[in-house]
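# Per-entry structural report
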Amino acid sequence: MRQARIVAALYFILTISPAISDMTDSIEMMWGNTQVLYDSAGHQIMSLTLDQWTTSAFRSKSQYLFGRFDIDIKLVPKESAGTVTTIYMVTEGPWQYHDEIDLEFLGNTTGEPYTLHTNIYAKGKGGREKQYRLWFDPTEDFNTYSIIWNPHNILILVNGKPIRRMKNQMRDDTPFPLFQPMRMYASIWNADQWATQGGRIKTDWSQAPFTAFFRNYTANACVPYNRAWICGQGSGDSSWFNQELDEEGKQKLKDVDDKDKIYDYCTDSRRFPDGCPPECASQ
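The sections below set out a description of the structure shown in this document. (Residues numbered from 1 in each chain as written. Predicted model: local features only at pLDDT ≥ 70, side-chain atom pairs only at ≥ 80, totals over all residues. Heavy atoms only, no water.)

Here we take up the sheet that holds strand S9 (residues 130-132). With antiparallel pairing, eight strands are arranged side by side in an open sheet as S1-S4-S13-S6-S7-S8-S9-S17. Two strands in the sheet have a free side with no partner beyond their single neighbour: strand S1 (27-31) and strand S17 (261-264). Across the sheet, the axes of successive neighbouring strands diverge by a mean angle of 15 degrees, strand direction being ignored. In terms of strand pairing, strand S7 (residues 100-106) meets strand S8 (residues 115-121) through seven bridges, oriented antiparallel. Among the inter-strand pairings, Phe105 is bridged to a residue of S8, identified as Leu116. (Pairing = 2+ DSSP bridges. Helix = DSSP H or I, 4+ residues; strand = E, 2+ residues; numbered from the N terminus. Axes fitted to C-alpha atoms, helices over the stretch in contact; angles between N-to-C directions.)

Next comes the structure, spelled out in C-alpha cells:
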C-alpha cells in the first residue's frame, strides 16, 4: 500500500524538469581535469581525462526520484586498456542501504572491443552484473546511453535499443530502488587490476592522457520542490513514467541477449550452484 500511495502522489502532481541546453546548466565539475569545450555549433561538450596522477568526474546538480536520463558519450580511442569510463546514478544516504545503477565502459588494447559492464544495487545489495560487447565502435563518434527508472522497472538503452531490464519485484521481497533519490555521476579512472581481460592487461601510461567526451545530457525526471518530489506530465515528455517494454522492445532485448551479452549473473552456475537469484526468472 505504501508503494502505491507514493507512486500515485508522485504522478498526480504535474510538472517536470526542463530540457537541458548547456551541460553546465545541470552539471557541476567535481575534480581532476574536467573541461568544458564547444563544438562548431557552439554546443557544450564536457571532457574527462585520466593520467597517472589524477582521475576526473562531474555530477548532476540535482537529485532525482525516477526519470529518463540520456547522455552522448565518445569513449577513449585506441589504447584504453585498464581505464574505466562510467556513468552511474547513486543515492547519498547510508552506504549499507544505497541504491545504484552502473554503466561502466571497460577499455581494451588497440583493436579490441570495449566491454559495457552494468550492475544495479538496491538497499545495499548489488552483485547483479551483466556485460555486453557493443555492436559498434564507441570511440568513433558519440552514441547515446540512457537510463529509464520508474516505479515499474529500470531500463538501460544504447542508441534507443534496450539492452537490460530489471523489474520491480518488491512483492516477492526483491529489493528495488524506489524510495531514495539518486544523482547522476560520470567519471574516468584506472582499474587495471580487473578491468581489462581480468586484470591481465595493465594501463600503458605512455599512452596517457586518456580522454572521453560527453554531450547532450538530458534529465527528464522528478525533481525536488518544497520538500516534495514532483513529477508526471508537463511541458516535457513524461511517457517514461509508466514505460515498460512492448513486444517489439522485448524482441530487441532478446536479440541483444543472444548476440551481444557476454556475461549474466543469472546464468553463472559457479557463482550460484544452488540456483540463480529469484529475480532472474522474470527479467
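Attention now goes to the packing of aromatic side chains. The full count for this structure, using the stated rule, is eleven aromatic pairs. Residues Trp135 and Phe136 carry aromatic rings whose centres are separated by 5.5 Å and whose planes lie at 85 degrees to one another, so their mutual orientation is edge-to-face. We classify Trp135 as partly exposed; its relative accessible area is 34%. Site record: aromatic cluster; members linked through ring pairs are Phe66, Trp149, Trp240 and Phe241. (Phe/Tyr/Trp six-rings, centres within 6.5 Å; stacked < 30°, edge-to-face > 60°. Buried < 20%, exposed > 50% of the residue type's maximum accessible area, 1.4 Å probe, protein only.)

Below, the discussion takes up helix H2 (residues 247-259). Between its terminal C-alpha atoms H2 stretches 18 Å, which fits the 18 Å expected from 13 residues at 1.5 Å a residue. For H2, the full list of buried residues reads Gly249, Leu253 and Val256. Summarising the axial view, the buried residues of H2 lie within an arc of 60 degrees, below the 170-degree limit, and thus occupy one face. Along H2, exposed side chains directed more than 90 degrees from the buried face belong to Glu247, Glu248, Asp258 and Lys259. You can read the cap of H2 off the contacts: a side-chain oxygen lies 3.2 Å from the backbone nitrogen of Glu248, and it is on Asp246. (Expected span 1.5 Å × (residues − 1). Arc of directions from axis to C-beta. Polar contact = N/O pair within 3.5 Å; in protein donor to acceptor, adjacent residues only side chain to side chain.)

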